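Understanding the architecture of this molecule
Spelled out from the first residue to the last, the chains are:
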Amino acid sequence: GAGVSQSPSNKVTEKGKDVELRCDPISGHTALYWYRQSLGQGLEFLIYFQGNSAPDKSGLPSDRFSAERTGGSVSTLTIQRTQQEDSAVYLCASSFGGADTEAFFGQGTRLTVV
Amino acid sequence: QQQVKQSPQSLIVQKGGISIINCAYENTAFDYFPWYQQFPGKGPALLIAIRPDVSEKKEGRFTISFNKSAKQFSLHIMDSQPGDSATYFCAPGNFGNEKLTFGTGTRLTIIP
C-alpha cells in the first residue's frame, strides 16, 4: 500500500483478554516503531525495529507487552492479560531508518479495555 | 537518554496571529530538526524540517528557526488559522541516533 496500514482501527476487549495489533509498514522501510498515545497526551515510545538488529524494547511498560516483526515487514504488537490502563491509541510508524529520516505514521488502533 | 523539551504544553492564539512553539535538546550531534503535526484521530505527519546548515526555513506560513548555540529550534506559524489547530511535536535527531525521540507535544488551538 501507499502508506502505513494498521488493523484493526478499533478494538474493544474485556479485561484479562489478549489482543494483537497489526502494522503493515511502507514497503522498503527498514525501521518500524510502535508508540502509545493516551487521550490528549504525547507519544509514548514502546519498541523500535531496525533491519536485522535486535529490537529496542526499552519502552515496553511491562512483560505483558511484546512485539515481533516477521521478515522485516509486518509487525504485531501483542498485549496479554489486558488491563484498563492499556486503553489508548497504538500508533505504528515506519521509515528508511535513522533518526534523521521522515517517519510515516499509520492511523492507529484505538484499544478500549472494558 | 536523549532529552527533548517542548514549550508551551498548550497554546491558544487568535486567528491571524503568530503561533510560536519551542523545542530544546541536549545532543549537540543532532543534525535534523523536524516538526510533526497531528490532527485528532490521525497519526502525526511531517510538517517541516531543517538541517543545521541554515538558520531558518520557510514553507508558506510555517517557518523553522534554528539556534545552534542555544540548542533550540522553534516553529512559527504566521497568520494562524483554525485549521492549524492540532498537536505539534518536535523530533530532533541524527543518523547516529538509533531511534526517533519526540518532544512532549504542544496542543495549539486557534480561536476565531
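In case you missed it, the structure is sitting above this.
Our subject in this report is the structure included herewith. (Residues numbered from 1 in each chain as written. Chains lettered and ligands numbered in written order. Predicted model: local features only at pLDDT ≥ 70, side-chain atom pairs only at ≥ 80, totals over all residues. Heavy atoms only, no water.)

Further remarks concern the pattern of salt bridges. Two side chains that carry opposite charge are able to pair once their charged atoms sit near each other. Under the criterion given, the structure shown has eight salt bridges over all chains. Where Arg36(A) meets Glu44(A), a salt bridge forms, and the shortest distance between an N and an O atom there is 3.0 Å. Note on Glu44(A): relative accessible area 31%, which makes it partly exposed. Close ionic contact of Lys99(B) with Asp56(A) constitutes a salt bridge, the shortest N to O distance being 2.9 Å. Note that Lys99(B) is positioned in the loop between strand 9 (86–90) and strand 10 (106–111) and Asp56(A) in the loop between strand 5 (44–50) and strand 6 (65–69), a pairing that runs across two chains. A relative accessible area of 24% places Lys99(B) in the partly exposed class. (Salt bridge = Lys/Arg side-chain N within 4 Å of Asp/Glu carboxyl O. Buried < 20%, exposed > 50% of the residue type's maximum accessible area, 1.4 Å probe, protein only. Helix = DSSP H or I, 4+ residues; strand = E, 2+ residues; numbered from the N terminus.)

A separate point is unusual backbone geometry. In this structure, the amide linkage connecting Ser7(A) to the following residue, Pro8(A), adopts the cis form with an omega of -10 degrees. Position of Pro8(A) relative to the elements: it lies in the loop between strand 1 (5–7) and strand 2 (10–13). The peptide bond linking Ser7(B) to Pro8(B) adopts the cis configuration, its omega dihedral lying at -5 degrees. Within the secondary structure, Pro8(B) sits in the loop between strand 1 (4–7) and strand 2 (10–14). Backbone geometry at Arg81(A) places phi at a positive 45 degrees, although glycine is not the residue there.

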